[in-house]
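Here are the chains, one letter per residue:
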Amino acid sequence: MKILVTGIGGNIGMDLARSLRQAGHAVVGTDMDPRNLLIGKQVADAVHPAPPARDPGYYDALNAIIADEGIGLVLCNPDGELGLVSPQRDRLAAPLFALPESLVATFLDKGRTVKFLDGLVATPRTLAVRTAADLAHAFDELEPPLWLRAASGAGGRGSILVRELDEATAWLHYWRERRWKWLVQEYLPCRNFNWTGILWEGELVTSGSSERLDYLMAAAAVSGITGNIRTGRTLHDERLNTIGAAICERLDGSGTVSVDLREDRDGRPLVTEINARFAARPWLYTGAGANFAAAIVDLVEGRRPQMPQFDAPRAGMLEIRQVDAEPVIVPEAELDDYRFSTES
């Protein structure tokens, strides 16, 4: 099958293209930024410029590419694009693999996601912030330090750890022209996980978990989180499987479900957000033996992927990334071969 991957020059788009081509599928990429197309063409069979999803000519442009290239499936990655395309997917000349419109809209808003999960799985205590009084109330209700973040957006947008009310007030003032909606949450200081599942007609088909160990350019972000992983590790953790399965029980339709979690001070994993797209590293999962992108194609073509429902990737595999180098995927134990030692 030939698959159209939008946002081809982004990290997730490139990972999906690598994974699909490894499985023998052809990939056509689109992007509205010509620089991203020049990067994306390194991993795709063909690339095409496309207008922004808000552009009136967006669907005509994509459908022309779909017709010319013989596209059988569309994978839409950037949040903004997915949010606009999802409710109008019938205008595409090829099927879009994504959860139903209502779920996509819910998961694009972190505040709505917390409400969706209420009573289902544990989430950090969360308060919406619209006024100075809301912010002061948050410091009365929650124990500092607190996590202040934009209510929507990727890559840790607007996130900062705040210890005092004055500090939080100054941060909101700094971003005032963006007119973002904001959330204050209890701070979760421990391990950082992802659980990714593939849902088909309401059934969880396969899934896997990983841990984010550190980020590229972390020093450039005041929160230390850029959303761009430098080192990730696959793992098997029954706690994550239980949470992921519970969430999927509440979902319908077909699509990717990517759950981000962090441990609180007591080591309990709490759900921080859900994405209706890949949010961890698809290439890490592929390198660990679980090619989720190829599994999607199998399902669309009527085949059942030969993958377990849980813990599909091998545990203990590392993906190591750097800005100007291809990712490296190795068993974690292999790092010992490269450590400096004074022993002969």
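Placed above this text is the structure.
Reading the values: the criteria
Residues numbered from 1 in each chain as written. Predicted model: local features only at pLDDT ≥ 70, side-chain atom pairs only at ≥ 80, totals over all residues. Heavy atoms only, no water. Pairing = 2+ DSSP bridges. Helix = DSSP H or I, 4+ residues; strand = E, 2+ residues; numbered from the N terminus. Axes fitted to C-alpha atoms, helices over the stretch in contact; angles between N-to-C directions. Parallel < 35°, antiparallel > 145°, perpendicular 65-115°, else oblique. Left-handed = near helix turned anticlockwise from the far one by under 90°. Contact = heavy atoms within 4.5 Å. Nonpolar A, V, L, I, M, F, W, Y, C, P; charged D, E, K, R; others polar. Buried < 20%, exposed > 50% of the residue type's maximum accessible area, 1.4 Å probe, protein only. Salt bridge = Lys/Arg side-chain N within 4 Å of Asp/Glu carboxyl O.

Visitor: Please set out the sheet that holds strand β6 (residues 146–150) residue by residue, giving values where relevant.
Guide: Read from one edge of the open sheet, 4 strands run β5-β8-β6-β7, paired in antiparallel fashion. Each having just a single partner strand, β5 (126–129) and β7 (160–162) make up the two edges of the open sheet. Direction aside, neighbouring strands of the sheet carry axes that sit 30 degrees apart on average. Relative to strand β8 (residues 182–186), β5 runs antiparallel, the two sharing 4 bridges.

Visitor: Account for the packing of helix α1 (residues 11–22) against helix α11 (residues 292–300), naming residues and giving values.
Guide: Direction vectors running N to C along α1 and α11 enclose 60 degrees, while the axes themselves pass 7 Å from each other. Taken together, the axis directions place α1 and α11 in an arrangement best described as oblique. Here α1 runs over α11; the crossing is right-handed. Across the interface between the two elements, L16, S19 and L20 of α1 pack against A293, A294 and V297 of α11. Residues belonging to the contact of α1 with α11 are distributed by class as follows: 5 nonpolar, 1 polar and no charged.

Visitor: With reference to specific residues and values, describe the environment of K115.
Guide: Positionally, K115 belongs in helix α6 (residues 110–117). Overall, K115 belongs to the exposed group, its relative accessible area being 68%. Expressed as a C-alpha distance, the spacing of K115 and L148, which sit 33 residues apart in the sequence, is 18 Å.

Visitor: Pulling in residues and values, what's your account of the pattern of salt bridges?
Guide: Applying the stated rule across the entire model yields 21 salt bridges. Note that D79 is salt-bridged to R277, the shortest N-O span being 2.5 Å. You can see D79 sitting in helix α4 (residues 79–85) and its partner R277 sitting in the loop between β13 (269–275) and α10 (282–287), a full 198 residues away along the chain. Accessibility assignment for this pair places D79 and R277 in one class, buried. Put simply, D15, R18, R281, E319 and E326 are held in one network by salt bridges that share partners.

Visitor: Which residues make up the sheet that holds strand β12 (residues 255–263), and what are the values?
Guide: Remark on secondary structure: sheet strands pair via backbone hydrogen bonds, oriented parallel or antiparallel. An order of β13-β12-β9-β10-β11-β14-β15 is seen for the 7 strands of this open sheet, with the pairing classed as antiparallel. Strands at the two margins of the open sheet, each flanked by one partner only, are β13 and β15 (325–331). Averaged over all neighbouring strand pairs, the angle between strand axes comes to 25 degrees, with direction disregarded. As paired elements, strand β9 (residues 192–200) and β12 share 8 bridges and run antiparallel to each other. By the bridge assignment for β12, T196 is matched with S258.

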